[in-house]
Amino acid sequence: MLAGLFEDPDEGGAAAGVSSSGLECPEKRRSVNRLSGLRNQGATCYLNSLLQTLFMTTELRDAFFKLDGAELGELDETRDLRKIPVELRRLFSKLLVLNVNAVSTGDLTESFGWSGSEVVQQHDVQELNRILFTALNDSLVGTSGSKLIKELYHGELVNQVHCQACGYCSERREAFLDISLPVVGCPSLESALKAFYIEKERLCGPNQYHCEPCKKKVDATKGAVLSELPEVLTFSLLRFQYDWEKGDRYKEIGKFSFPEELDMAAYTLQPDEEQKYELFSVVVHRGGAHGGHYFAYIRDVDSLGNWTEPEHGKVLVETTDDMDLTECDSPEDVLVTILSNEKKKGKSVSLNQVPVLVQKCTGVSWNKRFKRYHGPLNKFLQKRTDLFAISADSEVSLVERDAQAAAATATASSDKENIQEATGVKAAASAASQSTPKEALAVSKPTPKEPSSADEQSTAGNWFSFNDTWVSPAEKSVLPGTFAGKESAYMLFYRRKKRDSVRVPYGYDKACNAIPEHLQCEMIAANFELDEERDAYDVAVNTISVAVHFAHDFKNCFGVLRRQINTEERITFDRRQGFSELVQSLKQTVGKVTAMFSAEPCPAGLHLLKEIPQQGASFTDLGILQDTHVLVFMGDEAFSADGIIVGEEFKPLLLRYHLPGPAATDAPDDDVAIERPFSQLASVCEVVAAVCEQGNISQPSAISVRHPKAKKPTALPASDWMQTIKEAGFVDGSLMSLDGSKALDAAPLAPVQSQSLPSVVVENWCYITEEGKRQSCVGDWSTKCVYLTPGMTVGDVKRNVIEDPAQAPDGKAPLPIRLRVEHVTIQGPPLCDSDVISALDWPDGQQALLEIGNAPGPDEMILIYDVDTGSPVRPIDEVTVHNAQTVQDCVEAMIIQSGVEGNEWHIQRTNWCGEGSEVLAEPLVTIESTGIKNGDFLRLSYGLPPAPDCVRLAVHIPSPPGKEAPGQGVVGWISSVLSSSFQAARSLTDTKSTSAVTDVTCSSSVDPPKSDAAAVDSSSLDSASDATGKKKEEEQVRPYRLVATVDVKKVATSDELKSAILALPVFSEQNVPSRDHLRVRRLQDGLPRRICRHGDTVRGLKLTSGTDILCELLPDGENLPQASLLVLAARRQQKTRSYTKPEEIALSTQGGCTLAQLKECLIDHFNLGCTPADVYCAKHVPDQHQWMYIHDAAGNKSGGGGGGKSAKKPVNLRNSPVMLQDGDTIGFKVAADEKSATLKDFLTLTDELGLKELERVKEEKRLARQQRKGKDNGSWTRRPEVGIRIVVPDYQSSTAAASNEGEEQN
């Protein structure tokens, strides 16, 4: 039968496409499992999974084969052609008998009316299931198969409502193609069916049912029940859900189990014994809600495939060193071959080396070739424990087992039988081509051993995995793995079980005989054509031409063969033959053959690679490929093969050299140079000794070498004389000059073995934009590997990687190029071209960047710096300075480079996060002596630098809203502000403010200052409440004004710091009684924070140059203890969303800072007259526009040995999560003021506006990220979702018209 047409043992044949030889490869034959896959046209995996399920459904496949071709317009041109059913059953025929590994669905999708864009858009397989069946039903209108889909897949359910009063039952019937079941809340298929078709919903209360007989609303029960069940029952699992909070879809990956056999009697209107079903297909979705991959596990109930155990079903190849892995589709074969070859070389393979070897041997990475169907490489190796073993040291090796050897032997004998069988099939097929289709089926039937009925029964019902082109046997145990997870079941197909009957395997022969006769002829012709293409391809691929040389035409010149007579013969033969056949042919032509060698022509002559045995091996085993050179010894040569250097590693180089004369004054002419071949593994010392011996001269004192493309010779360092000539950079044609006649004082002339050189990987960052296009200015490459020889410099590395001279976009001035080291997280400094690589201590494989920019000189350094202009965005630049230049010279160079005005600038170091730290205060010292290194990041700040042991602090004062500097000058205005604030504070000493404010901001006791963020919030609130939309003057006023800077020593105390501040002109005129009347606070993120208390030091407060401090004048002296916090407290006003004016309270932290202490402090300060339990507190977080509710939740447990109960320790508010500190604002409520439902709600109207603004900014950033992601080259952007469309002509109208025409004729 047709079964024999594709049973070919060559499972690893060439894939469709273009082979490494350049020939177009025919399509692969079917694999040993006898089932074909479907090609993915781009994103049609969902279509392939459903089509394979329909193909494996016996009732549907046979029904399509039985359709009349004349009715479909396939054999009758007078009728409309029903394209979709015609192409679908042609596809089924190909899947059955066409001898290809994968069948194309292009003709079918073309009948759908799909274009190229629709096959690359992934759709939902559940949606396709409904639309495809609708299209098939519409396409079969007016034919004998018009009721085919309805009879196989249509069912009916009844929606019922039962009145509890009169017993009336209202029914509404619905037809269905599939049953949709939720996954959320249902752990299994049975529980979901029970929830929908057994359990009833009660309609009562406001949801009562209006009963027609009762004429009123009554209590009722509502439910659904299945009245009719189809032959094939389909379940669609609703795994894709919508998250209303995130506004996006997601995939439910929870567990949903399903049985192999399902009894539907409990869910039907009329239970029956024939309502039992068996599972035969599971469509699986791998991925998320916005994309993924579909494949299917399908039960082969008709024994169409050849099922083998998955663990032992893979045939292990007999690996050879020259096996071509570029066209091998089996990951097991690829890995086994690689590991076997490495083992033969005596090398161990680590887990990290395996992907490198895979890419090296196949030309494609594992991720691109195998990951889609076989997963990550590490997991694949861990799963295949029968083949691979991973040691504790992460070394991968092959599992040595006798079973594998026995399996390989059995496979070899089986392959031999299959080859003989395939040969018989081809002969039978040739005879069948002259017969009718039925006779052809009988003639082409193979004659293997017929399986017994018991064998057929045991192989029936096995599972296969259908994954696009890949079809492989699967264990039944894989089904529970699809219950949950990202790779989970999405559609289930069940077939009805017949009562009191055991399913007999349908059989492959019977399935083939069901194919219509014209399709059988089409498939037989297609298989014949495929066989002819494969035969022609095999002949073309395996036919090679070899150049044969005869040894008597050569002479031995220093171990290398140099040609005397230019003779060469070309022999063409099939490389699959034995090499002994070629030897016999040569003996018949030339007579005696004593030895044969594979050879390689080179400038030095003909180099012998290895000896070829005259018997036993094939051309492929010997590595003889197209254009291989073979040298034949016939015994009549003037030399023997023993004196010839053999081996690829000993490949010779043809060197030229001059023998210096006694009075050589001029450079010798190149034309008179002597040529001689040397092995590339010979050391420079050995070459020099051989040259000196040949020329009878003494050893030289110096050697100079000029390579073929070099203009001038270069001196060869004495340290390189012990290297091999290959390591020293010699190539064919290198000219070597020996200078001097003194004895060489060097190591003994002993051969030196080659050793691996360290390397550096250079990444190309030299890109320019010209005419809107981004292109490289040093060659079209992304990375290059450079091997480092001793004495190599950075400039040498640059010259090795730069292909073209870098030109500016206008093509005039050349661009400077430099190299810098790339570390794990940061980039190293630019390197000097004269730096020797060995002195840089680079590890092997060092990463480096090639970029546009000036490289520093030997005594120069490049400094990166930004300019502190007061703006959050600081311009970054770089400057090149000499090591001997002073700090002042560096400052002047930065001023000129940046173009800033003035000379009062200084530079300071930056810490790891880019913040300013130590100031370079000594301008006359050299840059090198300060410890600054090449590539350091500095900051250029305005102002003269402070003394080396001092820090410079920026002094700020509160700026009352609406106060602008009058005409008396800035200093006078500052003095007036301080004076008025000081006097106002004195007058308010004994007065407590109770005025209401609409918002809470951090403030002082003198005049509540606002941070920048708070000021914006207030303006937003005002504009929201002001109908006219007028802007407030406060929007333009900063909450704090910079008035001066002060220099203090780093070891200064708080009293010394205050004295220095009070000595400033703006404070000295205020007659401040003492230092206790001045409060100094650190400004952090624009907010007043930590207070400088008595006993603090500048270093202890972590005040560095450039730190902002806030100075406030107090009416009374203040001496806060160290164990205290100064916070602001505001009470929530009754029935409003506002607070009273914040007041300062000093909270003692002696022994901890607990919520109980805070509440007691609030009760005492505000005279609340309530218990602590009635007070609710929250901390304001202004940058987030939130209030953090403070509750005394479970803290750290303390005490407790001996089994006693552990007591809960109160939470310290200074620790996480509250992190209470100086300047924080505490809002509080009293239980009697508000309802219990709102006691924990502390938000104001301004906070809500701020939250909306934060959401708006967050959304803008998200959209900007998406826009940037869409503009990146090669980035993935989500395609817009479109519905599935299948175009079906109106066959019903044409059928009706044809019927009317026939009636009129009658």
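Computed from a prediction, not measured in an experiment: that's the story for all the values here.

*Asks:* Any chance you could explain the sheet that holds strand 57 (residues 1175–1181) here in plain terms?
*Replies:* Remark on secondary structure: sheet strands pair via backbone hydrogen bonds, oriented parallel or antiparallel. Sheet architecture is open: 5 strands sit in the order 56-54-61-57-58, paired in mixed fashion. Two strands close off the open sheet at either side, each with one partner strand: strand 56 (1143–1148) and strand 58 (1186–1190). Within the sheet, the average angular offset between the axes of one strand and its neighbour, ignoring direction, is 40°. Across 6 bridges, the pairing between strand 54 (residues 1124–1131) and strand 56 is antiparallel. Within strand 56, the residue paired with Val1127 across the bridge is Ile1145. Its contacts with the sheet place helix 27 (residues 1155–1166) against strand 54, strand 56, strand 57, strand 58 and strand 61 (1225–1230), and it is angled at close to 135° to strand 56.

*Asks:* Would you mind showing me how to read the packing of helix 2 (residues 58–66) against helix 3 (residues 83–97) here?
*Replies:* When two helices pack together, their arrangement is given by the angle between the helix axes and by the axis-to-axis distance. For the pair helix 2 and helix 3, the least separation of the axes is 10 Å and the interaxial angle reads 115°. Of the two elements, helix 2 crosses helix 3, and the hand of that crossing is left-handed. Together, Arg61, Phe64 and Phe65 of helix 2 and Pro85, Leu88, Arg89, Phe92, Ser93 and Leu96 of helix 3 make up the contact between the two elements. Its residues assigned to classes, the contact of helix 2 with helix 3 shows 6 nonpolar, 1 polar and 2 charged.

*Asks:* Hey, could you run me through a negative patch on the surface in this one?
*Replies:* The grouping of Glu24, Glu529, Glu532 and Glu533 at the surface amounts to a negative patch. Here the negative patch gets 3 residues from one element, more than from any other, and that element is helix 17 (residues 517–542). With respect to the helices and strands, Glu24 occurs in strand 2 (residues 24–25).

*Asks:* Explain the sheet that holds strand 11 (residues 220–228) to me, please; I cannot follow it from the model alone.
*Replies:* Strand order in the open sheet formed by 4 strands is 6-5-11-8, with antiparallel pairing between adjacent strands. Strands at the two margins of the open sheet, each flanked by one partner only, are strand 6 (169–176) and strand 8 (201–203). Mean inter-strand twist for the sheet, computed between neighbouring axes without regard to direction, equals 25°. Two strands pair when backbone bridges link them, and strand 5 (residues 155–163) and strand 6 are joined in this way by 8 bridges, in the antiparallel orientation. Across the sheet, the residue bridging to Val161 is Ser170, located in strand 6.

*Asks:* Looking at this structure, how should I read helix 25 (residues 1054–1062)?
*Replies:* Since one α-helical turn is 3.6 residues long, residues separated by three or four positions face the same way. Of all the positions in helix 25, only Ser1054, Leu1057, Lys1058, Ile1061 and Leu1062 are classed as buried. Down the axis of helix 25, the buried side of the element spans an arc of 130°, and every buried residue falls inside it. Among the structural elements, strand 48 (950–958), strand 50 (1040–1049), helix 26 (1065–1068), strand 51 (1078–1084) and strand 53 (1108–1113) are those in contact with the buried residues of helix 25.

*Asks:* Sorry if this is basic, but what is going on with the pattern of salt bridges here?
*Replies:* Two side chains that carry opposite charge are able to pair once their charged atoms sit near each other. Under the counting rule described, the total for this entry stands at 43 salt bridges. Between Glu156 and Arg173 there is a salt bridge; the shortest N-O distance is 3.0 Å. Highlighted residues: Glu156 in strand 5 and Arg173 in strand 6, separated in sequence by 17 residues. A relative accessible area of 45% places Arg173 in the partly exposed class. Overlapping salt bridges, with partners in common, bring together Glu74, Glu87, Arg89, Arg90 and Glu522 in one network.

What counts, and at which threshold
Residues numbered from 1 in each chain as written. Predicted model: local features only at pLDDT ≥ 70, side-chain atom pairs only at ≥ 80, totals over all residues. Heavy atoms only, no water. Pairing = 2+ DSSP bridges. Helix = DSSP H or I, 4+ residues; strand = E, 2+ residues; numbered from the N terminus. Axes fitted to C-alpha atoms, helices over the stretch in contact; angles between N-to-C directions. Contact = heavy atoms within 4.5 Å. Left-handed = near helix turned anticlockwise from the far one by under 90°. Nonpolar A, V, L, I, M, F, W, Y, C, P; charged D, E, K, R; others polar. Patch = residues over 30% accessible without salt bridge, like charges linked within 9 Å, V, L, I, M, F, W, Y side chains within 5 Å. Areas by Shrake-Rupley, 256 points an atom, 1.4 Å probe, with all protein chains shown as cover. Salt bridge = Lys/Arg side-chain N within 4 Å of Asp/Glu carboxyl O. Lys, Arg positive; Asp, Glu negative; His and termini not counted. Charge placed at Lys NZ, Arg CZ, Asp CG, Glu CD. Buried < 20%, exposed > 50% of the residue type's maximum accessible area, 1.4 Å probe, protein only. Arc of directions from axis to C-beta.

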